[in-house]
Amino acid sequence: INAANQKGLSPEDRARIMLPGLWARYYEIRKTGGNDFLFSAIIDTWRRNVKDPELKLNYGCLLSVVLSEIDIDLKGAEKVNNEMKGLAERTDNISLSLKVWNARGLTAMQKKDWQEAIRIFNSAERFLTPPETHKFPDALQYLGNTLNNRGFAKLNLSDEVDQKKKRDLISSAIVDLWNAEDLYMKVVPPPLKH
């Protein structure tokens, strides 16, 4: 916070400095099971005050996750996801597009709409071709997250279908989880403090 309050920094620079701390606060709230009713409002204020599309999308992803997982405001999360989807489509950044799809799919999973989550995560399959994906350093991580979450959505859906479909869904989920693991192995691991 002290770094973000330094004189001479633009609002964008301040927002870039604050984002990792806000993600850390999200993980802390999730870990402790607590809640901070002003947290989503703080994130939304930062999101609305930045002009850079990538930074706005990063704040939007955080806001969507906080709304759906902490505030349990799924309609609010969907509204943010729809705004981010439109913004992501206007950028050529694969990492951000994958991040948005992941946030949208996670919101569907929170609603236990497994089929919708799978449909959203399926949108990311076109980024499986390495030359296109390797242009963006975070793309493999986000693609791994998307496949991992799609695998879990399929496993959850498998509890709601007949035996034949159940076997196919579980097999497909295992493939997704293996592919996600393969992608994760290609990513530089995050620092232990993360």
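Read on for an overview of the structure. (Residues numbered from 1 in each chain as written. Predicted model: local features only at pLDDT ≥ 70, side-chain atom pairs only at ≥ 80, totals over all residues. Heavy atoms only, no water.)

Focus: the packing of helix α2 (residues 39-49) against helix α3 (residues 53-69)
Between α2 and α3, the least distance of the axes is 9 Å, while the angle of their chain directions is 165°. As far as their axial angle goes, α3 and α2 are roughly antiparallel. In the crossing of α2 with α3, the sense of the turn from one axis to the other is left-handed. Contacts between α2 and α3 pair F39, S40, I43, D44, W46, R47 and R48 from the former with K56, Y59, G60, L62, L63, V66 and L67 from the latter. Partitioned by chemical class, the residues of the contact of α2 with α3 number eight nonpolar, two polar and four charged. (Axes fitted to C-alpha atoms, helices over the stretch in contact; angles between N-to-C directions. Helix = DSSP H or I, 4+ residues; strand = E, 2+ residues; numbered from the N terminus. Parallel < 35°, antiparallel > 145°, perpendicular 65-115°, else oblique. Left-handed = near helix turned anticlockwise from the far one by under 90°. Contact = heavy atoms within 4.5 Å. Nonpolar A, V, L, I, M, F, W, Y, C, P; charged D, E, K, R; others polar.)

Side note on the nonpolar core
Within the largest apolar cluster, 28 residues are counted, with the highest numbers of intra-cluster contacts made by Y26, I43, Y59 and L62. Secondary structure elements with two or more residues in this core: α1 (11-32), α2, α3, α4 (74-89) and α5 (94-110). Top contributing element to this core by residue count: α3, with nine residues. Discounting residues that sit within four places of it in the chain, I43 has contacts with L22, Y59, L62, L63 and V66. By size, the runner-up hydrophobic cluster in this structure holds 23 residues, among which are I94, W101, M109 and W114. (Core = buried A, V, L, I, M, F, W, Y, C linked by side-chain atoms within 4.5 Å. Buried < 20%, exposed > 50% of the residue type's maximum accessible area, 1.4 Å probe, protein only.)

Describing the environment of L87
For L87, the position within the fold is in helix α4. Look at L87 and you get buried, because its relative accessible area is 17%. It is 8.9 Å that separates the C-alpha atoms of L87 and E54, two residues lying 33 residues apart in sequence.

Some points on the pattern of salt bridges
Throughout the structure, instances matching the rule amount to 14 salt bridges. Between K186 and D182 there is a salt bridge; the shortest N-O distance is 3.6 Å. Counted as one network, the salt bridges with shared partners bring together D44, R47, R48 and E83. (Salt bridge = Lys/Arg side-chain N within 4 Å of Asp/Glu carboxyl O.)

Focus on the packing of α3 against α5
Packing of α3 against α5 brings their axes to within 10 Å, and their N-to-C directions diverge by 15°. On the basis of the axis angle, α3 is roughly parallel to α5. Helix-helix and strand crossings are classified by hand; for α3 and α5 the assignment is left-handed. On the side of α3, the interface is formed by E54, L57, N58, C61, S64, S68 and E69, while α5 contributes L96, K99, V100, A103, L106, T107 and Q110.

Thoughts on α5
Side chains of residues three or four places apart in an α-helix project in the same direction, reflecting 3.6 residues per turn. Here α5 spans 24 Å end to end across 17 residues, near enough to the 24 Å set by a 1.5 Å rise per residue. Among the 17 residues that make up α5, 16 are buried, leaving the element largely enclosed by the rest of the structure. Note on α5: the residue one or two positions beyond its end, K112, has a positive phi of about 60°. (Expected span 1.5 Å × (residues − 1).)

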